Amino acid sequence: MLTLQSFLSLLFLLFSSADALYSYGLLRCQFTSTGDLLFLEQIYFNKILLLQYNGTLGKYTGYTKKAKDIADQLNKSERFLEQEKKNEEKCRAHQQLAFDFLSKPVEPYVRLSPVELQGSRHQSVLVCSAYDFYPKPIKLSWLRNGKEVTTDVTSTEELPDGNWLYQAHSHLEFIPTPGEKIACKVEHASLMEPKLYDWGQCLRRTGIRSLLGR
Ligand SMILES: *[C@@H]1O[C@H](CO)[C@@H](O)[C@H](O)[C@H]1NC(C)=O
């Protein structure tokens, strides 16, 4: 029979022999916008799920003979079950935080920058990059002297930034003309009206060529 003590030393053993074996524990907090919530605590050994606490079931399940014994012991332990209930409450609190955060639009951070073009003496490329915005839909477009540009523009899809926020990029290919004013127009839920980011001022003074170091 396994005691709680030996369960803890078993975990220690698994985690301490990292060079030969691979073990990890995972706390998973899954939820949907309709309010469903699932809290899972999982212990894997060599990529195989050995033991799992399922918050909906309110108990541990073992997936091998030995892990079943451990699960039986844990299910008799008020202390472990109490701790899991607390973990599940934390999961629930995160759900609220996540939805509060996601219900507010987040304004993009926008940057305009030139791109070096190999082998082209006349064409220049500007890229308009928008970072860390939410929600996903965004429109990036270009204005030359206040007029919308419809050709020589390529835009990426909105790409996940890995933290629930997104980024997007738009490229404009053009032949620089002195005195010309170029701007990137950003339309997004976080903005009351379209926002213009000007490249023009730098252009007027020096011309894009010298900015690109040619
Ligand atoms: C957790 O338990 C619930 C209720 O029995 C079940 O519907 C769900 O599939 C379980 N989740 C996992 C990942 O085992």
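Not measured: the values here are computed from a predicted model.

Quick notes on the state of the cysteines
Applying the stated criterion across every chain yields a total of 2 disulfides. Between C29 and C91 runs a disulfide, and the two sulfur atoms are separated by 2.2 Å. Classification of the bridge connecting C29 and C91 rests on its S-S torsion, roughly 95°, and on that basis the disulfide is right-handed. One end of the pair, C29, is in strand β1 (residues 23-31); the other, C91, is in helix α3 (residues 78-102), and 62 residues separate them in sequence. Here C128 engages in a disulfide with C184; their sulfurs sit 2.0 Å apart. Because the sign of the S-S torsion sets the handedness, a value of about -75° for the bond joining C128 and C184 places this disulfide among the left-handed ones. Of this pair, C128 sits in strand β6 (residues 124-133) while C184 sits in strand β12 (residues 182-188); the two residues are 56 residues apart in sequence, bridging distant segments of the chain.

Side note on the packing of aromatic side chains
Scanning all chains against the criterion turns up 5 aromatic pairs. Among the aromatic side chains, those forming a connected cluster through ring pairs are F39, Y53 and Y60.

Notes on the sheet that holds strand β13 (residues 195-198)
Across the sheet, 4 strands lie side by side as β8-β7-β12-β13; this open sheet has antiparallel pairing. Both outer strands of the open sheet, β8 (147-148) and β13, are each paired with one neighbouring strand and no more. Here 7 bridges tie strand β7 (residues 138-144) to β12, and the two strands are oriented antiparallel to one another. In the sheet register, W142 faces β12, and the bridge partner there is C184.

A short note on the sheet that holds β1
Strand order in the open sheet formed by 4 strands is β1-β2-β3-β4, with antiparallel pairing between adjacent strands. Of all the strands in the sheet, just β1 and β4 (59-62) have a single pairing partner and so form its edges. When strand polarity is set aside, the average angle formed by the axes of neighbouring strands in this sheet is 20°. Where strand β3 (residues 48-54) lies against β4, 4 bridges are found, and the strand directions are antiparallel. Following the sheet pairing, N54 is matched in β4 by K59. The strands touched by α3 are β1, β2 (37-45), β3 and β4; relative to β2, the strand with the most contacts, the crossing angle is about 125°.

Quick look at the site of the ligand
Taken together, the neighbourhood of the ligand is formed by L38, L40, Q52, N54, T56 and L57. Between an oxygen atom of the ligand and a side-chain N or O atom of Q52, the distance comes to 3.2 Å. A distance of 2.3 Å is found between an oxygen atom of the ligand and a side-chain nitrogen or oxygen belonging to N54. In the complex, the protein chains occlude 45% of the 360 Å² of accessible area that the ligand would expose alone. Tallied by class, the residues present in the shell around the ligand amount to 3 nonpolar, 3 polar and no charged.

Basis of the calculations
- Every chain begins its residue count from 1, and numbering advances along the sequence as written.
- The model is predicted, so local features are restricted to residues of pLDDT at least 70 and side-chain atom pairs to those at 80 or more, both for listing and for counting; the totals for chains, interfaces and linings are taken over all residues.
- As a convention, hydrogens and water are excluded, and side-chain values are obtained from all of the structure's heavy atoms.
- The disulfide definition used here is simple: a pair of cysteine sulfur atoms within 2.5 Å.
- Secondary structure follows DSSP: runs of H or I at least 4 residues long count as helices, runs of E at least 2 residues long count as strands, and numbering of each begins at the N terminus.
- Stacked, tilted and edge-to-face are the three classes assigned to paired rings of Phe, Tyr and Trp, where Trp is represented by its six-membered ring and a pair needs centres within 6.5 Å; plane angles under 30 degrees give stacked, over 60 edge-to-face, the rest tilted.
- Note on pairing: two strands pair once DSSP finds at least 2 bridges between them.
- The axes used here are C-alpha line fits, helices contributing only the stretch in contact, and every angle between their N-to-C directions lies in the interval 0 to 180 degrees.
- The contact criterion used is simple: two residues touch if any of their non-hydrogen atoms lie within 4.5 Å.
- Each residue is tested against the molecule or strand, and it is near if at least one of its non-hydrogen atoms lies within 4 Å.
- Counted as a polar contact is a pair of N or O atoms within 3.5 Å, where, for protein atoms, one must be capable of donating a hydrogen and the other of accepting one, and residues adjacent in sequence contribute only when both atoms are in side chains.
- The Shrake-Rupley method, run with a 1.4 Å probe sphere, supplies the accessible areas, and residue values consider only the shown protein chains as cover.
- Any residue outside Ala, Val, Leu, Ile, Met, Phe, Trp, Tyr, Cys, Pro, Asp, Glu, Lys and Arg is labelled polar, Gly included; the first ten of those are nonpolar and the last four are charged.

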